[in-house]
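Overview (structure and organization)
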Amino acid sequence: MNYIKTGVAALATSICVGGAAADTSVCLITKDATNPFFVKMAQGAFAKAAEIGVELRSYAGKFDGDHETQVAAIETCIAAGAGGILLAASDTKAITSSVEQARSAGLVVLALDTPLDPIDAADMTFATDNFLAGELIGAWAVKTMGDTSGARIGLLNINVSQPTVGVLRNQGFLTGFGIDIGDPSKWGDETDPRIVGHELSNGNAEGGRKGMENLLAIDPGINVVYTINEPAAAGAHEALKAVGREDDVIVVSVDGGCPGVADVAAGVIGATAQQYPLDMASLGVEAIVKAVETGEMPVATEGKAFFDTGVGLITNAPVDGLDQLSVAEGADLCWG
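The present account deals with the structure reproduced in this document. (Residues numbered from 1 in each chain as written. Predicted model: local features only at pLDDT ≥ 70, side-chain atom pairs only at ≥ 80, totals over all residues. Heavy atoms only, no water.)

Here we come to unusual backbone geometry. The linkage connecting D117 with the following residue, P118, adopts the cis geometry, with an omega of 10 degrees. Mapped onto the fold, P118 is located in the loop between β6 (108–112) and β7 (124–127). One non-glycine residue, N202, lies in the positive phi region at around 60 degrees. Along the chain, N202 falls in the loop between β9 (195–200) and α6 (205–218). (Helix = DSSP H or I, 4+ residues; strand = E, 2+ residues; numbered from the N terminus.)

Within the secondary structure layout, A80 lies in the loop between α2 (67–79) and β5 (84–87). On a C-alpha basis, the gap between A80 and S25 in space is 9.0 Å, while along the polypeptide they are 55 residues apart.

Neither face of β7 is exposed, since M124 and F126 on one face and T125 and A127 on the opposite face are all buried. Alignment of β6 against β7, held across three bridges, turns out to be parallel. Pairing of A111 across the sheet is with T125, part of β7. Summarising the sheet, β7 and strand β13 (residues 307–308) pair through two bridges and their orientation is parallel. Its bridge partner lying in β13, F126 is registered against F307. (Buried < 20%, exposed > 50% of the residue type's maximum accessible area, 1.4 Å probe, protein only. Pairing = 2+ DSSP bridges.)

Take the pattern of salt bridges next. Counted by the stated rule, this structure contains 14 salt bridges. Here D255 makes a salt bridge to R169, at a shortest N to O gap of 3.6 Å. Highlighted residues: D255 in strand β11 (residues 250–255) and R169 in helix α5 (residues 165–176), separated in sequence by 86 residues. With a relative accessible area of 5%, R169 lands in the buried category. In this structure, the salt-bridge partner of E206 is K210, at a minimum N-O distance of 3.8 Å. Linking E206 with K210, this pair stays in helix α6, spanning four residues, or about one helical turn. Using a relative accessible area of 37% as the deciding quantity, one classes E206 as partly exposed. (Salt bridge = Lys/Arg side-chain N within 4 Å of Asp/Glu carboxyl O.)

Per the stated rule, a full pass over the model turns up five aromatic pairs. The interplanar angle of 90 degrees and the centroid separation of 5.4 Å between the aromatic rings of F37 and F38 together place this pair among those described as edge-to-face. Relative to F177, the ring of F173 has its centre 5.9 Å away and its plane inclined at 35 degrees; by these criteria the two rings are tilted. Three or more aromatic residues link up through ring pairs in this structure, and these residues are F37, F38 and W335. (Phe/Tyr/Trp six-rings, centres within 6.5 Å; stacked < 30°, edge-to-face > 60°.)

If you check α5, its first and last C-alpha atoms are 16 Å apart, about what twelve residues at 1.5 Å a residue would give, namely 16 Å. Within the span of α5, buried status applies to V165, G166, V167, R169, N170, Q171, G172, F173 and L174. Looking at the buried positions of α5, the neighbouring elements they touch are α4 (130–145), β8 (153–157), β9, β10 (224–227) and β11. (Expected span 1.5 Å × (residues − 1). Contact = heavy atoms within 4.5 Å.)

Don't take any of this as a statement about function, it's just geometry.
Okay, structure coming up:
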């Protein structure tokens, strides 16, 4: 098994099975090369490529949001005559013109994790049902709390970009909690008086801490906190701990990385909805090869506009009426 590094101002690796590239080649383009989510995604893609005997080239931005590098990677894949592209887009709207060029050149383009805007700009999307992920943690929070009339809810989002995966998780959580969300394509237009406010976290611990501090300044009595991901939840916990509130606030999140599952075990996070990036990528590789060889395109999960790669609710405090995974089960399936 030979690994060959290539360029395009990004991390790019290529695997050729048996010493020579197979007839069908696949490109994987992720937002960055360091986030454990995308590391696991690459592992899944490379493992499946090795299993079925195709060439896989993996490209990544220098950072999450590096749109220009993703555009350059798509151009490289077109020029190389790849059969298809698996794309976790940093800018879901701006990338669509490059995706259109790739599809016009005959490449199959599958979005991974993050739907393009519009979603049908890609041939298919392989992703977690992020709205359902939010609904699950919202429903768990309701069952854990019991009487929600006194709920004081703070929400830690990733950034201001809408619509995004973050919007789906946010709106799903509020729906699961029983709140009228208004326009489901954006957050912040809700009128329920139990909502203290929405803050930004940039999906990291420091942002989560600052966002939680801002929410506590608005209402020190916050007792339910939604977080876009587990690093933001860890930061929120630090802010709550600083004011002695770490043990009496329900914190929920989405991702299911190994550090996040450990935080569920430690009581930092009450429940998290786990995604499966390895499956997204491995199933995507199979789908591209099948499409190239037979012309058969992947089909969306029934009732959805995308191929659902699954989600699991992990908690150390199970409630009645929901399918849940234990911390041990979540740890067996986690990434990072």
